[in-house]
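# Per-entry structural report
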Amino acid sequence: MAVITTKEITKIYRQGDIEVHALNGVSIQFEKGEFTAIVGPSGSGKTTLLNAIGGLDTPTSGSVVIDGQDITRLNSNELIDFRLNNIGFVFQAYNLIPVLTAEENVSFIMLLQGVPASKRKQRACRLLEEVGLSEQLSRRPAQLSGGQQQRVAVARALASKPKFVLADEPTANLDSKSTGNLLDIMAKLSQEEGMTFIFSTHDQRVIDRAKRIITLEDGKIISDVTV
Amino acid sequence: MMLIKLAWRNLWRNRKRSIITLTSIAIAVLLAVSMRSMQLGMYDNMIKNVVGSYVGYIQIHGRGYWEEQTLDNALQITPQLRDKVQSIPGVKHLIERIGTFSLGSRGDETKGVMVSGIRMEDERQMVDWDARLLKGELLPPGSEDILLAKGVARFFRADVGDTIVLIGQGYHGMSAAGKFRVGGIVDMKNPKINSVSVFLSLPVAQDYLSAKNVVTHLVIDKAENADEKQMLNRLTTALDTSKYEVMGWREMLPELEQTILADSVGGLLMVFILYMIITFGIFGTVLMMTQERIFELGIMMAIGMKRLKLILTLIYETIILTILGLLIGIALVLPIMYYYHVHPLQLGLDQAEVMEKFGFEATVPFLFNLQLPLTHALIIFIISLVIALYPVIRIWRLNPLEAMRSK
């Protein structure tokens, strides 16, 4: 059964008198445990599609159904709750909370969910251990390398036990070694925990590791290949 | 707890800015409170000098005495009158006085003086007369001496043991004349009062004025926390107002209240300007703390932090910053208030001259109590809560996607 289904979603932005069709009738399904890369040139609609799936942006028309619920009908507060409990985000610039330590950054999302302190600590430590950062628990983001910060971001994305993880250009700021490490971790989690990962990327190293590659151009899917 | 921890750590992201804001709040408290403490202390001192030590907070006279201050409008003291007055809550002491103007003379010098007949043992319960005594003694029981205020003594170049002659008008047209030995010289702590006052024992004064059992003033000394207005109302209700008039010091000395009011407005204006400065100071910090983190706030909303929790975090930041500044300010101002309360400021020559011209002592003891700094702290705290509305509105309208594009 599909975890995510988009039906004919369009997104039209207005720039003065000009209408920009960022998404043009995109219909697509994602199954549990998929490791998918959405590729395409700049302005092709990759990030807009990811934002629509992540409930950060409302499509102009069409629907985004996640586990049977059409999230385009939710108001902004319901969307915040929905994102908290269903979606993990990994951003290009890591975007960790700078004043919290690695462990606190991972725990924070569980705190928002109301998970008790002892369970939060236990899960945060386990996730950070899985991403190879058990020695850096009490370091703040500024004391970590880019690759390490992105691994904390992955641990944070997984902390809330989401249905899927959306990663927008997660390797854009990383060197090859860090990229390799990060992809290994995500692939492992996808295989072992059946976690669905959807990336938007330009990075060939990510594309090479993806099991499914969706290519967008001018807001339309021009190819959808399962490797 | 996590939100408070987050707010605390956020405050120290820009250590310099937070320290500058804390310092400005603390300095605002320091300046506002010490300025008001000085002013209110000065007013208290004025009131104590003029009201507490001489006029009294409340006086009862015969009807019409205040309009026409002659002995003919004096009142007869009866045990019923005393009992009625003393039954009013808040009445601490009841002091009888007879007062009139006479002509004083010594050698070639002649001067109009205010003669007050007093019972020293009663007066001592209201004011520390021993502290006022410069020379001689304070009209011991049975004394027929006269006590001169230091300005009168200076005018007559009189010393203890010298003789002063008084001539005036007595009760119901009788003429009054007497010769009195100077028994002591006192400092009434008020230049105007010092320049005209002389004191006799009440029976001696009544004898001099041919006014047996008659007094012009019943002065009421109130208990420390007694409500003066309530006492006035009760006294007016209890007494026959066709025979007696009950007056508070504000009515008797309107110029004193007006002087205090006029001066106080100037002080309040200064405090208002300080508040305006601090308002912009705190607002500037809150504005920067919010604006520079719009992207981060967007991320937090994207990952699932509700608006209310974000708002609470930013409100905690403002509150923590303000409370810290206020505590530092209060900690700094309390010792200053206390020091100048115990060791009053002595005004410089020019200022002292002006004060004395208006009849006030040239010393300024600061008011020392906790209510004053706490009141100002509360005002600044409320200002900070109003300022905290800015991040509330900003976050309420925040679209996480637009916020994440703001970087």
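Of regular secondary structure, chain B possesses 16 helices and 14 strands. Expected size for 407 residues packed as a compact globule is a radius of gyration near 22 Å; at 31 Å, chain B overshoots this value by more than 25%. The principal-axis extent of the C-alpha atoms belonging to chain B is close to 100 × 45 × 30 Å.

Let's shift gears to the overall build of chain A. A count of helices and strands for chain A gives seven helices and 10 strands. Relative to the 2.2 N^0.38 estimate, which gives 17 Å for 227 residues, the radius of gyration of chain A is 17 Å and therefore close to what a compact globule would have. Its C-alpha atoms give chain A principal-axis dimensions of about 50 × 40 × 35 Å. Looking at the 227 residues of chain A, the share that counts as buried comes to 47%. Sequence separation of 24 or more characterises 70% of the internal contacts of chain A that already satisfy a separation of 6 or more.

Structurally, chain B comprises domain 1 (2-50 + 256-404) and domain 2 (64-240). On a C-alpha basis, the centres of domain 1 of chain B and domain 2 of chain B stand 48 Å from each other.

Let us now look at the packing of helix H12 (residues 307-342) of chain B against helix H14 (residues 371-387) of chain B. Residue and element names in this part refer to chain B. One way to put it is that H12 packs onto H14 with a least axis distance of 10 Å and a crossing angle of 160°. One way to sum up the angle between H12 and H14 is to call them roughly antiparallel. You can see that H12 and H14 cross each other, and the crossing is right-handed. Residues Thr318, Ile319, Thr322, Leu326, Ile330, Val333 and Leu334 of H12 form the contact with H14, whose own contacting residues are Pro373, Ala377, Ile380, Phe381, Ser384 and Ile387. Of the residues that constitute the contact of H12 with H14, the class distribution is 10 nonpolar, three polar and no charged.

Next up on the list: the sheet that holds strand S7 (residues 164-168) of chain A. Residues and elements named next belong to chain A. The six strands lie next to each other as S6-S7-S8-S3-S9-S10, forming an open sheet whose pairing is mixed. Each edge of the open sheet is held by one strand with a lone partner, namely strand S6 (87-90) and strand S10 (220-226). Shown here is a sheet whose adjacent strand axes are inclined to one another by a mean of 15°, direction ignored. Direction of pairing for strand S9 (residues 212-217) relative to S10: antiparallel, over a ladder of six bridges. Each bridged residue has a counterpart across the sheet, and for Arg212 the counterpart in S10 is Thr226. Its contacts with the sheet put helix H5 (residues 146-159) on S6 and S7, and the angle it makes with S6 is roughly 170°.

Our next topic: the interface of chain B and chain A. Contact residues are listed per partner, giving 14 residues for chain B and 13 residues for chain A. Across the side of chain B that touches chain A, the residue classes break down as nine nonpolar, two polar and three charged.

Residues and elements named next belong to chain B. Positive phi, close to 50°, is recorded for Arg157, a residue that is not glycine. Inspection of the secondary structure assignment puts Arg157 in the loop between helix H5 (150-156) and strand S7 (163-169). Although it is not a glycine, Asn213 adopts a positive phi angle of roughly 60°. Secondary-structure assignment places Asn213 in the loop between helix H7 (202-208) and strand S10 (214-215).

Let us look at the packing of H5 of chain A against helix H6 (residues 176-193) of chain A. Helix packing for two helices is described by the angle between their axes and how far apart those axes are. Residue and element names in this part refer to chain A. Orientation of H5 relative to H6, taken along the N-to-C sense of each, is 15°, at an axis distance of 9 Å. As the angle between them shows, H5 and H6 are arranged roughly parallel. Read as a crossing pair, H5 and H6 show a hand that is right-handed. For the pair H5 and H6, contact is made by Gly146, Gly147, Gln150, Arg151, Val154 and Leu158 and by Ser178, Asn181, Leu182, Ile185, Met186 and Leu189, respectively.

Right, let's get into helix H2 (residues 76-86) of chain A. Leu79, Ile80, Arg83, Leu84 and Asn86 of chain A are the residues of H2 of chain A that are buried. In this fold, the buried residues of H2 of chain A make contact with strand S4 (61-66), S6 and helix H3 (102-113) of chain A together with helix H11 (294-303) of chain B.

Strand residues, when the strand is regular, have side chains that alternate between the two faces of the sheet. All names here are of chain A. As paired elements, strand S1 (residues 2-15) and strand S2 (residues 18-31) share 11 bridges and run antiparallel to each other. Residue pairing for S2: Thr10 is matched across the bridge by Asn24. Two successive antiparallel strands, S1 and S2, enclose a turn made up of two residues, where Gly16 displays a positive phi of approximately 65°.

This part covers H11 of chain B. Among the 10 residues that make up H11 of chain B, eight are buried, leaving the element largely enclosed by the rest of the structure. Within the span of H11 of chain B, buried status applies to Glu296, Leu297, Gly298, Ile299, Met300, Met301, Ala302 and Ile303 of chain B. Buried residues along H11 of chain B sit in contact with H2, S6 and H3 of chain A together with H12, helix H15 (389-396) and helix H16 (400-404) of chain B. In the segment just after H11 of chain B, Gly304 of chain B is the residue with positive phi, at about 120°.

In this section: the sheet that holds S4 of chain A. Residues and elements named next belong to chain A. What the four strands build is an open sheet, ordered S2-S1-S4-S5; its pairing is antiparallel. In this open sheet, the two strands that pair with only one neighbour each are S2 and strand S5 (69-70). Two strands pair when backbone bridges link them, and S4 and S5 are joined in this way by two bridges, in the antiparallel orientation. Considered in S5, the bridge of Val65 is made with Asp70.

Further remarks concern the environment of Ile277 of chain B. Residues and elements named next belong to chain B. Summarising the element assignment, Ile277 is placed in helix H10 (residues 254-291). The partly exposed category is assigned to Ile277, around which 14 C-beta atoms lie within 10 Å. Note: C-alpha distance between Ile277 and Ala28 (249 residues apart in sequence) is 8.5 Å.

With that out of the way, let us pick up the pairing of S4 of chain A. Residue and element names in this part refer to chain A. Relative to S4, S1 is paired through five bridges, and the arrangement is antiparallel. Of the residues in S4, the one forming a bridge with Ile4 is Ile66. If you look at the hairpin formed by S4 and S5, you'll find two residues sitting between the two strands, and Asp67 has a positive phi there, around 50°.

For chain B, per-residue confidence averages 89 on the pLDDT scale, and 98% of positions sit at 70 or higher. For this predicted complex, the interface confidence score (ipTM) comes to 0.87, while the overall pTM stands at 0.73.

All right, on to the confidence of the model for chain A then. Averaged over all residues, the pLDDT of chain A is 91; the fraction at 70 or higher stands at 100%. Here H6 of chain A is the element of chain A with the lowest mean pLDDT, 84, and S4 of chain A is the one with the highest, 95.

Before going further, it helps to spend a moment on the environment of Lys92 of chain B. Residues and elements named next belong to chain B. Among the secondary structure elements, Lys92 is positioned in strand S3 (residues 91-106). Taking the C-alpha atoms as reference points, Lys92 and His376, 284 residues apart in sequence, are found 33 Å from one another. Not counting the four nearest positions on each side in its chain, Lys92 is found in contact with Asp221, Lys222 and Ala223.

Residue and element names in this part refer to chain B. Structurally, Tyr57 is set in the loop between helix H2 (15-55) and strand S1 (58-62). Residue Tyr57 is classed as buried on the basis of its 22 C-beta neighbours within 10 Å. Along the primary structure Tyr57 and Met252 are separated by 195 residues, whereas in three dimensions their C-alpha atoms are 9.4 Å apart. For Tyr57, the residues in contact, after removing those within four places along its chain, are Val51, Ile220, Lys222, Glu228, Gly248 and Trp249.

Reading guide: rules and limits
- Residues numbered from 1 in each chain as written.
- Chains lettered and ligands numbered in written order.
- Predicted model: local features only at pLDDT ≥ 70, side-chain atom pairs only at ≥ 80, totals over all residues.
- Helix = DSSP H or I, 4+ residues; strand = E, 2+ residues; numbered from the N terminus.
- Rg over C-alpha atoms; globule rule 2.2 N^0.38 Å.
- Buried ≥ 20, exposed ≤ 12 C-beta atoms within 10 Å, placed from the backbone.
- Contact = placed C-beta atoms within 7 Å.
- Domains from an automatic or database assignment.
- Axes fitted to C-alpha atoms, helices over the stretch in contact; angles between N-to-C directions.
- Parallel < 35°, antiparallel > 145°, perpendicular 65-115°, else oblique.
- Left-handed = near helix turned anticlockwise from the far one by under 90°.
- Nonpolar A, V, L, I, M, F, W, Y, C, P; charged D, E, K, R; others polar.
- Pairing = 2+ DSSP bridges.
- pLDDT = per-residue confidence, 0-100.

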